[in-house]
Amino acid sequence: MKTRILTACVCVPMAVAVLWLGVYFSWVFTATLLALCFIGIHEALKTAGADNVKIIYAPCFAYGAVVLLAPYITNPVKMYGTVMAASMIFLFVMFGILLKKHSELRIEKVCTSMILTMFVALPFMVLEMIFGVSLKTSDAASHALGLSLTVYCLVVAWMADIGAYFIGRTFGKHKLAPVLSPKKTIEGSVGGFLISMIFSIGAAYLYADVFQCTPKDINYLNLTLITAICILMSMFGDISFSTVKRQYGIKDFGNLLPGHGGVLDRFDSVLFVCPTFFMLNIVLPVLK
């Protein structure tokens, strides 16, 4: 636990610095996401056992770069077409590599590499859009809103994880999924859900109503419903990636973050929360 806490003490200030600088220099936020994306893709290829065929890195990294840079190189409408075209080309190229390297690569390795690569790149692009890069606006209000929504998504995911970890260690008795993730408990999951709900809604109230940092009012009914669904998706993402690790017989995807594992270990829940929030916010707008 000591290593886990020390790593968090280093990473949290770094994350705050990136978010703060990203408000003034959007390329800082995008460059950080690109770096995380590339590391996550490397972890995915290594997990799938495809990292020994080096040619596979080129299309995977290229896909991640195109997807994350799409909001910069075109308008929001054309961006979706660009991402769709990039996704299809990526799939074609990956199957071309399978044909070329069929003696070294099995189909399951290629498919796992494709799925995990897309599941890293696309949610990070959504996080980038939430941050506001695709809006290409320069007013302070839009920057503050994008920053607050980004922090909200991270807080929802990570507070659920932190709450589940500590509540589970203290009160956990009943296993949630003993085969897939032996350390997860029902008590920890419930505790993580409640802590994330209280912290997320409370932070939104302080931000909007106490400190009045947003010109728009918050629809708390929509926010509560979206937060609850996002927390459940966070847990779903966590146990889904635990299933991948269990099937491949590994403890962590990487060792970049001592005590936490790799990028995929730390961002697995975030990768599920961001698209969920983005889609639900369209149907149930948080801001009036």
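Let me begin by describing the structure that accompanies this report. Being a predicted model, the structure only gives us computed values, none of them experimental.

1. Focus: the side chain of Thr 117
Here comes step 1: With respect to the helices and strands, Thr 117 occurs in helix H5 (residues 107-131).
Here comes step 2: A relative accessible area of 0% places Thr 117 in the buried class.
Here comes step 3: Not counting residues up to four positions away in its chain, the partners in contact with Thr 117 are Ile 41, Cys 60, Tyr 63 and Phe 90.

2. Examining the nonpolar core
Side chains of a nonpolar character, in soluble globular proteins, are inclined to be buried together.
Here comes step 1: Of all hydrophobic cores here, the largest spans 71 residues; its most connected members are Ile 56, Met 94, Leu 105, Phe 124 and Phe 277.
Here comes step 2: By residue number, the principal contributor to this core is H5, which donates 13 residues.
Here comes step 3: If near-sequence neighbours (up to four positions away) are discounted, Leu 105 is found in contact with Ala 50, Val 53, Ile 56, Ile 97, Leu 98 and Val 110.

3. Some details on helix H8 (residues 220-248)
Here comes step 1: For H8, with 29 residues, the first-to-last C-alpha span of 42 Å sits near the 42 Å given by 1.5 Å per residue.
Here comes step 2: The backbone nitrogen of Leu 221 has a side-chain oxygen 3.2 Å away, supplied by the residue at the start of H8, namely Asn 219.
Here comes step 3: In the segment just after H8, Gly 249 is the residue with positive phi, at about 70°.

4. A closer look at the state of the cysteines
Here a disulfide denotes a covalent bond joining the sulfur atom of one cysteine to the sulfur atom of another.
Here comes step 1: A full pass over the atoms with the stated rule returns zero disulfides.
Here comes step 2: Take Cys 153: it sits in no disulfide, and the sulfur closest to it among the cysteines is that of Cys 274, at 4.6 Å.
Here comes step 3: Since its relative accessible area comes to 0%, Cys 153 is described here as buried.
Here comes step 4: Cysteine Cys 230 remains unbridged, with the sulfur of Cys 153 as its closest cysteine sulfur at 6.4 Å.
Here comes step 5: The exposure class of Cys 230 is buried, given its relative accessible area of 0%.

5. Quick look at the pattern of salt bridges
Here comes step 1: Applying the stated criterion across every chain yields a total of six salt bridges.
Here comes step 2: A salt bridge links Asp 265 to Lys 245, with the shortest nitrogen-to-oxygen separation between them at 2.8 Å. Here Asp 265 is found in helix H9 (residues 263-283), whereas its partner Lys 245 is found in helix H8, with 20 residues between them in sequence.
Here comes step 3: Since its relative accessible area comes to 8%, Asp 265 is described here as buried.
Here comes step 4: Ionic pairing is found between Lys 251 and Asp 252, a salt bridge with its closest N-O pair at 3.6 Å.
Here comes step 5: By relative accessible area, Lys 251 is classed as exposed at 63%.

6. Concerning the pairing of strand S2 (residues 181-185)
Here comes step 1: For strand S1 (residues 175-177) and S2, the ladder comprises two bridges, and the chain directions are antiparallel. Among the inter-strand pairings, Ala 177 is bridged to a residue of S2, identified as Ser 181.
Here comes step 2: The hairpin turn running from S1 into S2, its antiparallel successor, is three residues long.

7. Observations regarding the packing of helix H2 (residues 26-48) against helix H3 (residues 57-73)
Here comes step 1: Between H2 and H3, the least distance of the axes is 10 Å, while the angle of their chain directions is 155°. Considering their axes alone, H2 and H3 lie roughly antiparallel with respect to each other. In the crossing of H2 with H3, the sense of the turn from one axis to the other is right-handed. Between H2 and H3, the residues in contact are Ser 26, Trp 27, Thr 30, Leu 33, Leu 34, Cys 37, Phe 38, Ile 41, His 42 and Leu 45 and Tyr 57, Cys 60, Phe 61, Gly 64, Ala 65, Leu 68, Leu 69 and Tyr 72, respectively.
Here comes step 2: A per-class count over the contact of H2 with H3 returns 14 nonpolar, four polar and no charged.

8. Structural notes on the side chain of Ser 242
Here comes step 1: For Ser 242, the location among the structural elements is in helix H8.
Here comes step 2: In this structure Ser 242 comes out as buried when scored by relative accessible area, which is 9%.
Here comes step 3: Engagement of the side chain of Ser 242 in a polar contact is seen with the backbone oxygen of Asp 238, the distance being 2.9 Å.
Here comes step 4: Sequence-distant contacts of Ser 242, that is, excluding residues within four places in its chain, are made with Leu 180, Ser 181 and Lys 184.

9. Concerning a nonpolar patch on the surface
Here comes step 1: On the surface, a cluster of nonpolar side chains totalling about 900 Å² of accessible area is made up of Trp 20, Leu 21, Tyr 24, Phe 25, Trp 27, Leu 69, Tyr 72 and Ile 73.
Here comes step 2: For the nonpolar patch, the secondary structure elements donating two or more residues are helix H1 (2-24) and H3.
Here comes step 3: Mapped onto the secondary structure, Tyr 24 falls in helix H1.

Rules of the game
Residues numbered from 1 in each chain as written. Predicted model: local features only at pLDDT ≥ 70, side-chain atom pairs only at ≥ 80, totals over all residues. Heavy atoms only, no water. Helix = DSSP H or I, 4+ residues; strand = E, 2+ residues; numbered from the N terminus. Buried < 20%, exposed > 50% of the residue type's maximum accessible area, 1.4 Å probe, protein only. Contact = heavy atoms within 4.5 Å. Core = buried A, V, L, I, M, F, W, Y, C linked by side-chain atoms within 4.5 Å. Expected span 1.5 Å × (residues − 1). Polar contact = N/O pair within 3.5 Å; in protein donor to acceptor, adjacent residues only side chain to side chain. Disulfide = S-S within 2.5 Å. Salt bridge = Lys/Arg side-chain N within 4 Å of Asp/Glu carboxyl O. Pairing = 2+ DSSP bridges. Axes fitted to C-alpha atoms, helices over the stretch in contact; angles between N-to-C directions. Parallel < 35°, antiparallel > 145°, perpendicular 65-115°, else oblique. Left-handed = near helix turned anticlockwise from the far one by under 90°. Nonpolar A, V, L, I, M, F, W, Y, C, P; charged D, E, K, R; others polar. Patch = residues over 30% accessible without salt bridge, like charges linked within 9 Å, V, L, I, M, F, W, Y side chains within 5 Å. Areas by Shrake-Rupley, 256 points an atom, 1.4 Å probe, with all protein chains shown as cover.

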